[in-house]
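Commentary on secondary and tertiary structure
Residue strings, one per chain:
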Amino acid sequence: MPGMMETVLNIGLNDQSVRGLAAQAGNERFAFDSYRRLIQMFGKTVLDIDGEHFAEALDAAKHAKGSTNDLDLDAEDLRKLVETFKEVVVKYAGRPFPQDPREQMDLAVRAVFESWNTERAVIYRRQERIPGDLGTAVTVCSMVFGNLGMDSGTGVAFTRDPASGAQGIYGDYLQNAQGEDVVAGIRNTVPLADLEGIDKRCYDQLLGIMATLEGHYRDLCDIEFTIENGKLWMLQTRVGKRTAAAAFRIATQLVDQGLIGMDEAIQRVTGAQLGQLMFPRFDDSAKRKPIAKGMNASPGAAVGKVVFDSYTAVKWHRSGEQVILVRRETNPDDLNGMIAAAGILTSRGGKTSHAAVVARGMGKTCVCGAEQLDVDTKNRVVRAPGGVIIKEGDVISIDGTSGEVFLGEVPVVASPVVEYFETGLGGLADTGHGADELVAAVDRVMRHADGIRRMSVRANADTPEDAARARRFGAQGIGLCRTEHMFLGERRQLVERLILADTDEEQAAELANLLPLQREDFVGILEAMDGLPVTIRLLDPPLHEFLPDITELSVRVAVAESRGEKREGDLRMLQAVHKLHEQNPMLGLRGVRLGVVIPGLFEMQSRAILEAAAQRIKAGGVPRVEIMVPLVANVQEFETVKQAIIQVARDVRAETGVHLEFLVGTMIELPRAALTADQIAEPAEFFSFGTNDLTQTTWGFSRDDVEAAFFSAYLEKGIFGVSPFESIDVEGVGELVKIAANKGRSKRPQLKLGVCGEHGGDPDSVHFFDHVGLDYVSCSPFRVPIARLESGRSTGAA
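Below, the structure is looked at part by part. All values reported here derive from a predicted model rather than from experimental measurement. (Residues numbered from 1 in each chain as written. Predicted model: local features only at pLDDT ≥ 70, side-chain atom pairs only at ≥ 80, totals over all residues. Heavy atoms only, no water.)

Here we look at the overall build of the protein chain
Counting secondary structure elements, the protein chain contains 32 helices and 26 strands. In terms of its C-alpha atoms, the protein chain occupies a principal-axis envelope of roughly 105 × 70 × 50 Å. Of the roughly 35,200 Å² of accessible surface on the protein chain, 50% is carried by carbon and sulfur atoms. The distance from the centre of the 88 positive side-chain charges to the centre of the 113 negative ones in the protein chain is 1 Å. (Helix = DSSP H or I, 4+ residues; strand = E, 2+ residues; numbered from the N terminus. Areas by Shrake-Rupley, 256 points an atom, 1.4 Å probe, with all protein chains shown as cover. Lys, Arg positive; Asp, Glu negative; His and termini not counted. Charge placed at Lys NZ, Arg CZ, Asp CG, Glu CD.)

Describing the pattern of salt bridges
If the charged atoms of two oppositely charged side chains come close together, the side chains can form a pair. Taken as a whole and assessed by the stated rule, the structure comprises 52 salt bridges. We note a salt bridge from lysine 86 to glutamate 83, for which the minimum N-O separation is 3.3 Å. Of this pair, lysine 86 and glutamate 83 both sit in helix 4 (residues 75-93), separated by 3 residues, roughly a single helical turn. Here lysine 86 falls in the buried class, since its relative accessible area comes to 15%. Of the charged contacts in the structure, one is a salt bridge between aspartate 219 and arginine 268, with a shortest N-O distance of 3.3 Å. Placement of the pair is aspartate 219 in the loop between helix 9 (200-217) and strand 4 (221-228) and arginine 268 in the loop between helix 11 (262-265) and helix 12 (271-278), with a sequence separation of 49 residues. Summarising the burial analysis for this pair, aspartate 219 and arginine 268 share the class buried. (Salt bridge = Lys/Arg side-chain N within 4 Å of Asp/Glu carboxyl O. Buried < 20%, exposed > 50% of the residue type's maximum accessible area, 1.4 Å probe, protein only.)

Structural notes on the sheet that holds strand 4
Taken together, the 5 strands give an open sheet; going across it, the order is 3-2-1-4-5, and neighbouring strands pair in antiparallel fashion. Sheet topology places strand 3 (190-191) and strand 5 (231-239) at the edges, where each strand pairs with a single neighbour. Two strands pair when backbone bridges link them, and strand 4 and strand 5 are joined in this way by 8 bridges, in the antiparallel orientation. Directly across from isoleucine 227, in strand 5, lies its bridge partner leucine 232. (Pairing = 2+ DSSP bridges.)

So, the pairing of strand 26 (residues 776-779)
Burial along strand 26 is two-sided: the residues Tyr776 and Ser778 and Val777 and Cys779 are all buried. Note that strand 19 (residues 456-460) and strand 26 share 4 bridges and pair parallel. Each residue of the ladder has a partner; that of arginine 458, found in strand 26, is serine 778. Both strand 25 (residues 752-755) and strand 26 contribute to a ladder of 2 bridges, which runs parallel. By the bridge assignment for strand 26, valine 755 is matched with valine 777. Where the polypeptide runs from strand 25 across helix 31 (residues 763-772) and back to strand 26, its parallel neighbour, the crossover connection is right-handed. (Right-handed = clockwise from strand over helix to strand, strands pointing away.)

Quick word on the sheet that holds strand 25
Working definition: the strands of a sheet are paired by backbone hydrogen bonds and lie parallel or antiparallel to each other. Judged by pairing direction, the barrel is parallel, and its 8 strands sit side by side in the order 19-20-21-22-23-24-25-26 before closing back on the first. The average undirected angle you get between the axes of adjacent strands in this sheet is 25 degrees. Examined bridge by bridge, strand 21 (residues 533-537) and strand 22 (residues 624-629) share 5 bridges and lie parallel to one another. Pairing of isoleucine 536 across the sheet is with isoleucine 627, part of strand 22. Against the sheet, helix 20 (residues 504-528) contacts strand 20 (478-482), strand 21 and strand 22, and its axis sits at roughly 150 degrees relative to strand 21. Strand contacts of helix 25 (residues 635-656): strand 22 and strand 23 (662-668), with the helix running at about 155 degrees to strand 23, the strand carrying the most contacts. (Axes fitted to C-alpha atoms, helices over the stretch in contact; angles between N-to-C directions. Contact = heavy atoms within 4.5 Å.)

Description of helix 25
Here helix 25 contains 22 residues, and its C-alpha end-to-end distance of 31 Å stays within 8% of the 32 Å for a straight helix at 1.5 Å per residue. In this structure, the buried residues of helix 25 make contact with helix 23 (592-597), helix 24 (601-618), strand 22, strand 23 and helix 27 (677-680). (Expected span 1.5 Å × (residues − 1).)

Description of the side chain of lysine 642
Looking at where lysine 642 falls in the secondary structure, it is placed in helix 25. For the buried lysine 642, which has no salt bridge, the nearest side chain bearing the opposite charge is glutamate 685, at an N-O separation of 4.2 Å. Dropping the residues within four chain positions of it, lysine 642 is found in contact with Val664, Pro683 and Glu685.

Details of the packing of helix 2 (residues 28-45) against helix 5 (residues 101-114)
Axis separation between helix 2 and helix 5 bottoms out at 10 Å; the angle between their running directions is 45 degrees. By the angle between their directions, the pair helix 2 and helix 5 is classed as oblique. Crossing of helix 2 over helix 5 shows left-handed handedness. Along its contact with helix 2, which presents Leu38, Phe42 and Thr45, the element helix 5 presents Gln104, Leu107, Ala108 and Ala111. For the contact of helix 2 with helix 5, a count of residues per class yields 5 nonpolar, 2 polar and no charged. (Parallel < 35°, antiparallel > 145°, perpendicular 65-115°, else oblique. Left-handed = near helix turned anticlockwise from the far one by under 90°. Nonpolar A, V, L, I, M, F, W, Y, C, P; charged D, E, K, R; others polar.)

What about the nonpolar core?
If you look at the biggest cluster of nonpolar residues, it comprises 134 residues, and the most contacted ones within it are Phe248, Leu274, Val442 and Val629. Contact partners of phenylalanine 248, with chain neighbours within four places excluded, come to Val269, Thr270, Gln273, Leu274, Leu277, Leu438, Ala441, Val442, Val445 and Leu789. (Core = buried A, V, L, I, M, F, W, Y, C linked by side-chain atoms within 4.5 Å.)

What follows is the structure, encoded as structure tokens:
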């Protein structure tokens, strides 16, 4: 946790010992400089005095001397400053500075322990997923002094550049200073290489020690050192933090130097770092005007003109405009606009909101929950703090990595790593600025991870274009193709007519109209994934999602009635909406229940799938179809639907003359399904864990509501280390996954097991699924490389 914990230097100095130190060193200025540093550091860290009070007193002393450099203060100046600092302590701490060295040490030790729970330390642990109950130790050691004169100093050294990974001499040095001066930037440092001209003997000795340390740790080392009267002292070393790009470069450099092998190299990088490399980013040197900040829902950088609805987004995109879709919150009807937009910005919602989940799936930059923004879609304006008004067509920039929103255009730097993956794991062309070296390092790591991993990686994809991209990104099939997305947009009217059908005959006619459209969708997806398994989920969401909003429709009908108008269509639709209205639709008529209750629905979808497979076989293709029944709670539900699918398959075989091979399985997304998995496994040929809904139903959470309502409080209070929708809840949801896997394979040893929830692309969750013994994970196309890498890392670490 570099920089997160407190440090106190010069403990033990008091009004008496300062004179002894001065006499021993023969340097009164040095002794009183050390004493004032102690009071200043002790006051801030131990006594919780605002550091500005000490800084103001120091500035006043320098001003009185007519200088801006604390080195110009002599012994007498520093003696007076010590007295001033002691007065600051009495004034703001309500007690004198302690003169007893033992009391100083005891209080300092307690302060360092307590710094474990400072806000910055808690936030850092949350970010890095370090357990809060790990605790800390406190080290007490003797001082060496870098402030004895110009032949003394202090510095920080890195054995490689932590920003780029380049080999060389990197670091900073400051003469006549103590360690905090370097970190705090009190005086300008000089590059570490300048130490050679200041003290060549210590410089050469330091380089030798740096080489020894890197050889021992076999990694980038972050080193702190002090020179006292021309003698080099090593203070500490740790494996250094580094950028994502540096991590990949250094890992492969160490392999080339023979210090580590490729098995260890893939443990030196992470899927999260690979994800950082894949998203575009804003140019750090560019000017920017921040107007709001929300949740960093989906990483990347996007610039475009503000639009407020899906229709405008698509229209402007087709005319060549880059657009940012701005909504209070998104819904499934916004999908086309989200696809067309360069980025998505909402004033409501969190990291698991519709906008966030869909954006991550598509690799779209997204900022959610920017509550400072008043999004007025009716008047097509956004009101931002400070009286800023943003109209439709105005340009904004959003940073999905930080959650920041900027007015105007901020230059974007493209990611060469995505270009590499887009080539289908080839085409290592020089893209400039060292990018070729980075891409080559990523390529080596990915090839090794693919070579050793046990689990395969599939993609969640609903269109032929998504499927083709997923395959280029290294997906070994589709783990989730959601058929409901095929019913949106222009086809919505067909679904509305199906829902409004009064008789079985009308219903059958509307299903017949949908059949060729569904078949065409599946032909394209099976062609894009030819030879690889494609798991197609039958209709899952409740039917009300395909109908107009009940409030808007009610208002429309009421307004028409007040004018004496009769709108039969709207009235009939309102009746249907009321009929289908549910208090908790996510636990109502959806999933397998739709297939049981609505005659012919799942049969139509199954026929479309199997006819598409037959068409591909006739064209010389090799379709590998897996039909998935959603939200099964007991075996009888599944058997009812499977029998209908088998009968459809017989009919399609007879009609086409094509022998069809396919699997029928289910999603495990309800606790009861997990606990009775041995029964369900008898007829089911595969399980796919829908961990999004399994998390909701295990925790009793409504995903769309709880994050905005109380997740932030749960995270701040340490109830959650991380949201259970972001990373698998191992003890609860994970235990259900283990139970279902073991029970299922107890009845069907070769049962295929996978996961298709958002967790399939989360690095920590991938490791868990590997250890449980799942056969594959499935995630959005853009997260496929991350899952491939983490699957390899999990196998290599086993």
